[in-house]
Amino acid sequence: MKTALILSGGGARGAYQVGVLKAIAELFPETHINPFQIVCGTSAGSINAAKIATEADQFHQAVLGLETIWSNLRSEDIHQVGLTDILKSLLKIILSFFHSGIAKGKPLSLFNNRPLYYLLKRSIDMTKLNKMLHEQHIHALCISALGYASGQNIGFYQGQPDIQAWKSARRIGASTILEHKHLMASSALPAIFPAVHINREFFGDGALRQSAPLSAALHLGADKLLVIGVSGNLKKAPARVKAENSPSIAQVLGNLLNSAFIDSLEEDIQMLQRFNRFADGLTVEKQQELKVRPVDVLVIKPSLDFEQLAGRFTHHLPRSMRFLLSIIGANRKGGGSSLASYILFEKEFCKALIDCGYHDALAQAEQLRQFVGVCDI
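Residues numbered from 1 in each chain as written. Predicted model: local features only at pLDDT ≥ 70, side-chain atom pairs only at ≥ 80, totals over all residues. Heavy atoms only, no water.

Caption draft 1: Representation of the overall build of the protein in the model. A count of helices and strands for the protein gives 15 helices and 9 strands. For the protein, the proportion of its 377 residues judged to be buried stands at 55%. A fraction of 76% describes how many contacts in the protein between residues 6 or more apart in sequence connect residues 24 or more apart. Summing over all exposed atoms, the protein offers an accessible surface of approximately 17,900 Å²; the carbon and sulfur share of this is 54%. (Helix = DSSP H or I, 4+ residues; strand = E, 2+ residues; numbered from the N terminus. Buried < 20%, exposed > 50% of the residue type's maximum accessible area, 1.4 Å probe, protein only. Contact = heavy atoms within 4.5 Å. Areas by Shrake-Rupley, 256 points an atom, 1.4 Å probe, with all protein chains shown as cover.)

Set out below in structure tokens:
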């Protein structure tokens, strides 16, 4: 039995996952081996996934390392925050209009996230992954990214030799030696951070066109899935109110990011749950004949509304970013607070998300103890 850890995307919202992992680490003694044999990460979740996988022999230390990173984070650790830098990026975007929308030189983006690359190089030793695999501490690590030219969502994975690559209309599993560039590509929020060139194609955020976020883990051999989401499981839909003005740019971008990071994951979970009900209704013989089997899934989702929470911390952003967010309507008046929750890489906000994840996980402590156990590689 192999348990997979699914870490979805969401920019700064990825701090929530660290709180959940912190609680899981506390539920088991430090001598407990890595509870996740398969780790799959998308966008910011790819960074957390890589840290867990490359230090799979020291799960508690890996989680502590993640908490240290996110608890001390500032926007300047992720991207350049100077007003001049942002204005240069905006000017480059405008100039691209005169070249069929194509930028000369580096890919188009609102922010230059070179600082993130140096942070990853300091914090995650990707060369250790091969050692973790060789010593059987982990079965596979998978990082998802979108190929802008092909429109295909690629699951870049590094794992045990018996894993078979997969291919469907829009999803491909490609065996490779994972590097920091794969993390940069997977976490390249569309239009916000630049695309990354890998092999012959430019890649962006792995949540884009990821119609089945759980499929990679199943292809890699997972029997159980622990999914950590980044959106609250609201009991009722938000009230519809009369709109007085057209949507702001920030409101449009926020909804696009929500669609990419949240909707497909929730729909895939619902699909798996329906499949499980179907499989449970079959006899063992029929399951074997049809080659189907139920897959246990446990989902940890935020109890807080991250959009409302972000509104309490936007004043911690650098002045240049506050100015930028204000002019595109990323505030309560403009209805674009959702966008702010994705790019609020400030330790005060991240600590609040970590605390939320920690308490949400402890609220399901008994389920986690039963679900996360010692499994075979």
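Caption draft 2: Layout of the pairing of strand β1 (residues 3–7). By the criterion of burial, β1 is predominantly enclosed, with 5 of the 5 residues buried. Burial of β1 is two-sided: the residues Thr3, Leu5 and Leu7 facing one way and the residues Ala4 and Ile6 facing the other way are all buried. Two elements, β1 and strand β8 (residues 224–228), share 5 bridges in a ladder whose sense is parallel. Note that in β8 the partner of Leu7 across the bridge is Ile228. Where β1 and strand β2 (residues 38–42) come together, 4 bridges link them in parallel fashion. From the neighbouring strand, Leu5 faces β2, where its bridge partner is Val39. (Pairing = 2+ DSSP bridges.)

Caption draft 3: Spotlight on the packing of aromatic side chains. All told, the structure shown has 8 aromatic pairs when counted by the stated rule. An angle of 70° between the planes, with centres 5.8 Å apart, marks the rings of Tyr117 and Tyr118 as edge-to-face. The class of Tyr117 is partly exposed, set by a relative accessible area of 23%. With a centroid separation of 6.0 Å and an interplanar angle of 50°, the aromatic rings of Phe313 and Phe349 are classed as tilted. Here Phe349 lies in helix α14 (residues 347–362) and Phe313 lies in the loop between α11 (306–311) and α12 (319–327), a separation of 36 residues in the sequence. (Phe/Tyr/Trp six-rings, centres within 6.5 Å; stacked < 30°, edge-to-face > 60°.)

Caption draft 4: Region of interest: the packing of helix α1 (residues 15–27) against helix α3 (residues 59–71). It is at 9 Å that the axes of α1 and α3 come closest, and there the two elements cross at 145°. Here α1 runs over α3; the crossing is left-handed. Seen from α1, the contacting residues are Ala15, Val18, Leu21, Lys22, Ile24 and Ala25; seen from α3, they are Phe59, His60, Val63, Leu66, Glu67 and Trp70. Among the residues making up the contact of α1 with α3, the classes are represented as 9 nonpolar, 1 polar and 2 charged. (Axes fitted to C-alpha atoms, helices over the stretch in contact; angles between N-to-C directions. Left-handed = near helix turned anticlockwise from the far one by under 90°. Nonpolar A, V, L, I, M, F, W, Y, C, P; charged D, E, K, R; others polar.)

Caption draft 5: View of the environment of Glu26. Along the chain, Glu26 turns up in helix α1. Only 2.6 Å separates the side chain of Glu26 from the side chain of Tyr358, close enough to count as a polar contact. (Polar contact = N/O pair within 3.5 Å; in protein donor to acceptor, adjacent residues only side chain to side chain.)

Caption draft 6: Representation of the nonpolar core within the structure. Among the nonpolar cores identified, the biggest contains 91 residues, and Leu21, Trp70, Leu141 and Leu226 are the most heavily contacted of them. Per-element accounting of this core gives the leading share, 9 residues, to α1. Non-local contacts of Trp70, meaning those with residues more than four positions away in its chain, are made with Gly11, Ala12, Gly14, Ala15, Val18, Ala44, Asn48, Phe345, Lys347, Cys350 and Ile354. (Core = buried A, V, L, I, M, F, W, Y, C linked by side-chain atoms within 4.5 Å.)

Caption draft 7: Seen up close, unusual backbone geometry. In this structure, Ser43 is a non-glycine residue whose phi angle is positive, near 55°. Assignment of secondary structure puts Ser43 in the loop between β2 and α2 (44–54). Its identity as a non-glycine residue notwithstanding, Asn199 has a phi of 55°, on the positive side. Note that Asn199 resides in the loop between β6 (196–198) and β7 (201–205).

Caption draft 8: Structural context of the side chain of Gln158. Looking at the secondary structure, you find Gln158 in strand β4 (residues 153–159). Separated by 2.9 Å, the side chain of Gln158 and the backbone nitrogen of Leu178 make a polar contact. Excluding residues that lie within four positions of it along the chain, Gln158 makes contacts with Leu129, Asn130, Leu133, Ala140, Leu141, Thr176, Ile177 and Leu178.

Caption draft 9: Expanded view of the environment of Phe371. Mapped onto the elements of the fold, Phe371 is located in helix α15 (residues 365–371). Accessibility expressed as a relative area gives 10% for Phe371, which makes it buried. A C-alpha to C-alpha distance of 9.9 Å links Phe371 and Pro35, two positions 336 residues apart in sequence. Ignoring any residue separated from it by four or fewer positions in sequence, one finds Phe371 in contact with Thr3, Lys224, Leu225, Leu226, Asp296, Val297 and Leu298.

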